Structures are given as structure tokens and as C-alpha cells.
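Listed below, chain by chain, are the residues.
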Amino acid sequence: MGTFLIIGILFFLALLLVFYLLTSNNLNISTKNTDRLSDIQKDFLEKRKKRIEVVRNEIYIQNYHLYSGISDRETKIITLEGTIPEIKIFENDQLIKTFRIEPKNDNPNLNGQIFECEIPVHGNFSVQIEGAIYVDMEHLLYKKDVNKEYVRFQPFHLSHRKENDEKLLGRGMIARGLHYFGHLDGGNIRLICVCDHCHESFSVDFYHAGFSDAQYFYSTHSKETTMISFDTFREMPNHYQQDIDENKLEELEKRLPKTQDGEFKYYNPFCCPHCLAPFNDYQKFKEDRPKDIYAHFYLNQSPVSYETFFDRK
Ligand SMILES: [Zn+2]
């Protein structure tokens, strides 16, 4: 009996020793991380205010160059206000972006619904807000799917790295960080983009054209999106195909039906619906078009299949 007690005590002491070694090692690691920061930066971090705050439908982000290399992230629960709620983003109390969350036809009033969102601010001063809208708190607590909808805001940089956003003007959806390579975006997520020209926001829905074994074409001002199966036109450019014979493409485009706003072309831009300025300017950035394999269309619309297009006329 006495031997068992001694073995038990020794085992307990060994556990304590292991625990001590593990925690002291962790402390060493975190000290090393802090060592990378300058004394000025350490002093600033000790005295700083909370970096990300939410007041009703407004998100406040504190910014200063000493945040370089330091990431912050908050998960916030926002009760949406108004039928078409607006989430306003402030940097050091200056309004920098407004994202309007337009309602879907089958969930027409977002007032009082709950937006649970992740707000990361990265060490390179980029911000990408994503989250899910729930009908009410009960749906959020139990993660119920009724009318649940995912929302991704267009990523942006704080003023210290504003030039990085300027480099992306007119680039494709992937280049602008609205989809990611290696990550498959399913249905039930919408993107909210902000026009480079008029700064109004607009909601965008999409299909994965690769999964439909189809290619897509936008009309002149992207008022219409059509999806055409590779069985219909084998000569259409494939997804990710970079060497495209533009003469052949032109011949093919002549066979496509006319649209409300002009014609379908492979390199037509996806436009801001408010001022019609190109948001994805594929004429200018042709290399981005094959990488953008998602067919986009405005919220509450849907792409028209090529076959039904002719029936419609
Ligand atoms: Zn616009």
C-alpha cells in the first residue's frame, strides 16, 4: 500500500515537472515573438486602445503605422438596422467604406436580423470581413440554417497600404481577393463589392462554371450572364486557358444571341450596376479572365442558359 502511495506521489511530481517545462517553453516562445518588436512598438502596444470596436452598424478600426506586422481579429455580433442595412467602416473615426447589405427576394427585410462577423486586421493593414446572417439570436445560438446567408465583403487596405488597393483597380475577382485559389466557394454566399468609380456597393451572386462544365459570357454591361455548355460549343476557351485564339473567339461570339444591353463577349467586363464602370475590366487585364472561373451575376438574378435564351426571344 505504502509503495503505491510513493509511486503515486512520484508520478504526480513528474506530471508537475512536465507541466512546468511546457509552460516555461511557451513563455520563452512568446518572449521571442515580442523581441522582434521595437521598444517604441512595445510601448505603443501597452498603451493602445482596443483596435476593433463595433457601435450598432458601425465598425471602428484604430490605425497607426506602429501596428505594422501586428494582426488583430474580433468576432462581433451585429443587429442589422433597416430593411437594407448599411455597415459603415471607420478608420480612426473617418468613414472609409460603406457596405450595403441588399436583401434577397426570399428574405426581404433584414431589419433586426443578426450578422455574426469576423473582423481581421492583418499585419499588412489589410481587412477582410466575412460572416453569416441569422434570422434572430435563437437561430445564431443553435446555428440554424433557415434563411442563413454567408456574406463576404470586398477586402481592402487601411490608409497605410492604400496603394495596394489602387494596384487592384479593374482586376479580376480572384486577383481582388473575392475568391481564393484552393478554396471552393459554395452556394449561399454573396460578395459585396464597392465600385472603384462611384464608391457605391453592390451584392454579387455566382456559380462555379467549372462544376457546370460550362463557360460563361457577360453582356456588354453585365446586365445578363449566360452559361454555355462545352457540349454546345467545343471551341470555347477552357477554364484557366491562357493562350486564346482571339480570331476564333470572335467568330464564336458572332453566333451568340443579342442581349438587352448589347452582346455577349468573353472579355466583357463585370460592371458596377450603379454607374456601369467596369469592376472586373477583362479588356484591360485579359490574363485575369481565365482564372475567374466563377460566373457572377447581381443578387436576385440568375444566369440564363444559352438554350433557353433562344426560347425566350
Ligand atoms: Zn459605380
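Before any of the text, the structure's been laid out above.
Residues numbered from 1 in each chain as written. Predicted model: local features only at pLDDT ≥ 70, side-chain atom pairs only at ≥ 80, totals over all residues.

1. Quick word on the overall build of the protein
Then, in step 1: Each helix and strand counted, the protein has six helices and 20 strands in total.
Then, in step 2: Across the 313 residues in the protein, those meeting the buried criterion constitute 26%.
Then, in step 3: Partitioning the contacts of the protein with sequence separation of at least 6, the portion at a separation of at least 24 is 62%. (Helix = DSSP H or I, 4+ residues; strand = E, 2+ residues; numbered from the N terminus. Buried ≥ 20, exposed ≤ 12 C-beta atoms within 10 Å, placed from the backbone. Contact = placed C-beta atoms within 7 Å.)

2. A few points about the sheet that holds strand β14 (residues 225–229)
Then, in step 1: Reading across the sheet, the three strands line up as β13-β14-β20 and stay open at both edges, with mixed pairing between neighbours. In this open sheet, the two edge strands, each paired with only one partner strand, are β13 (214–218) and β20 (304–305).
Then, in step 2: In this structure, β13 lies alongside β14, joined through five bridges in antiparallel fashion. Residue pairing in the sheet places Phe217 in a bridge with Thr226 of β14. (Pairing = 2+ DSSP bridges.)

3. A word on the environment of Tyr207
Then, in step 1: Here Tyr207 is to be found in strand β12 (residues 201–208).
Then, in step 2: Residue class for Tyr207 comes out partly exposed when judged on the 19 C-beta atoms lying within 10 Å of it.
Then, in step 3: Between the C-alpha atoms of Tyr207 and Asp185, which are 22 residues apart in sequence, the distance is 9.0 Å.
Then, in step 4: The contacts of Tyr207, once residues within four sequence positions are left out, are Ser212, Met227, Tyr294, Ala295 and Pro303.

4. Concerning unusual backbone geometry
Then, in step 1: With phi around 70 degrees, Asp93 is a residue other than glycine that occupies positive phi space.
Then, in step 2: Within the secondary structure, Asp93 sits in the loop between β4 (86–91) and β5 (94–100).
Then, in step 3: The phi dihedral of Lys143 falls on the positive side, at around 50 degrees, and the residue is not glycine.
Then, in step 4: Residue position: Lys143 is located in the loop between α3 (137–141) and β9 (149–153).

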